[in-house]
Amino acid sequence: MAAGSIIIRRLLVDDARRRNCLKRGGPLTGQSQTTGVFAEQTRSLDLIELNDALELLQTRYPRAAQVVEFRFFAGLTYEEISEQLAISVRTVKSDWQFAKCWLYRELEKHT
């Protein structure tokens, strides 16, 4: 599960970087943009900034960062994350709430 959520995250970030390159007339000009399940989510959120903030969260609060990856990128429930990390559901919810607040604050610095 951890590997899957990391792969999904990297694919989304790579796609966001590719689209940013297209917007700026980069080497991929003329190729069609990828559309898919995550197309709507990536438009409303700058995944590159989120990825940078998540990497910083990972260095400071690794378990909270794992909860974000499982919840946001893999779509796991609190119970499923609890099983994966061998922690209580209450701890997962607490880590999720903390990580969301931390990430919002970190992303606000860049706006």
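Model, not experiment: these values are computed from the prediction.

Asker: I tried to follow the overall build of the chain on my own but got confused; where do I start?
Answerer: Secondary structure assignment for the chain yields six helices and zero strands. Counted from the first residue to the last, the chain has its helices and strands arranged as α-α-α-α-α-α. Intrachain contacts of the chain at a sequence separation of at least 6 include 58% that bridge at least 24 residues. Of the roughly 7,200 Å² of accessible surface on the chain, 52% is carried by carbon and sulfur atoms.

Asker: Sorry, what's going on with the nonpolar core here?
Answerer: Nonpolar side chains tend toward joint burial in soluble globular proteins. Judged by nonpolar contacts, the single largest core of 21 residues is most densely connected at Leu54, Leu57, Val68, Ile81 and Leu103. Every element with two or more residues in this core is listed here: helix H3 (47–60), helix H4 (62–73), helix H5 (78–85) and helix H6 (89–108). Leave out the neighbours within four places in its chain, and leucine 103 touches Leu50, Ala53, Leu54, Leu57 and Val68.

Asker: Can you help me understand the environment of leucine 103 in this one?
Answerer: Looking at the secondary structure, you find leucine 103 in helix H6. Using a relative accessible area of 7% as the deciding quantity, one classes leucine 103 as buried. Considering only alpha carbons, one finds leucine 103 and valine 68, 35 residues apart in sequence, at a separation of 9.8 Å.

Asker: For this particular structure, what's the right way to read the packing of H3 against H4?
Answerer: The description of two helices packed together rests on the angle between their axes and the distance between the axes. Packing of H3 against H4 leaves a shortest axis separation of 6 Å and a crossing angle of 145 degrees. Where H3 abuts H4, its residues Leu47, Leu50, Leu54, Leu57, Gln58 and Arg60 lie against Pro62, Ala64, Ala65, Gln66, Val68, Glu69, Phe72 and Phe73. Taken together, the residues of the contact of H3 with H4 break down into ten nonpolar, two polar and two charged.

Asker: Honestly, the confidence of the model for the chain in this entry has me stumped. Any pointers?
Answerer: Detailed conclusions should not be drawn from predicted coordinates in areas where pLDDT is low. Confidence along the chain averages 78 in pLDDT terms, with 61% of residues attaining 70 or more. When pLDDT is averaged over each helix and strand of the chain, the minimum, 45, is found for helix H2 (residues 39–44) and the maximum, 96, for H5. Contacts from residues 27–44, a stretch scored under 50 in pLDDT, to residues over four places away or in other chains number 16 contacts.

Asker: How should the pattern of salt bridges be read in this particular structure?
Answerer: Where charged atoms from two side chains of opposite charge approach closely, those side chains can pair. Using the criterion set out here, one finds two salt bridges in the structure. Arginine 63 serves as the salt-bridge partner of aspartate 95, at 2.4 Å between the closest nitrogen and oxygen. One end of the pair, aspartate 95, is in helix H6; the other, arginine 63, is in helix H4, with 32 residues separating them in the sequence. Here glutamate 106 makes a salt bridge to lysine 109, at a shortest N to O gap of 3.3 Å.

Definitions and limits used
- Residues numbered from 1 in each chain as written.
- Predicted model: local features only at pLDDT ≥ 70, side-chain atom pairs only at ≥ 80, totals over all residues.
- Heavy atoms only, no water.
- Helix = DSSP H or I, 4+ residues; strand = E, 2+ residues; numbered from the N terminus.
- Contact = heavy atoms within 4.5 Å.
- Areas by Shrake-Rupley, 256 points an atom, 1.4 Å probe, with all protein chains shown as cover.
- Core = buried A, V, L, I, M, F, W, Y, C linked by side-chain atoms within 4.5 Å.
- Buried < 20%, exposed > 50% of the residue type's maximum accessible area, 1.4 Å probe, protein only.
- Axes fitted to C-alpha atoms, helices over the stretch in contact; angles between N-to-C directions.
- Nonpolar A, V, L, I, M, F, W, Y, C, P; charged D, E, K, R; others polar.
- pLDDT = per-residue confidence, 0-100.
- Salt bridge = Lys/Arg side-chain N within 4 Å of Asp/Glu carboxyl O.

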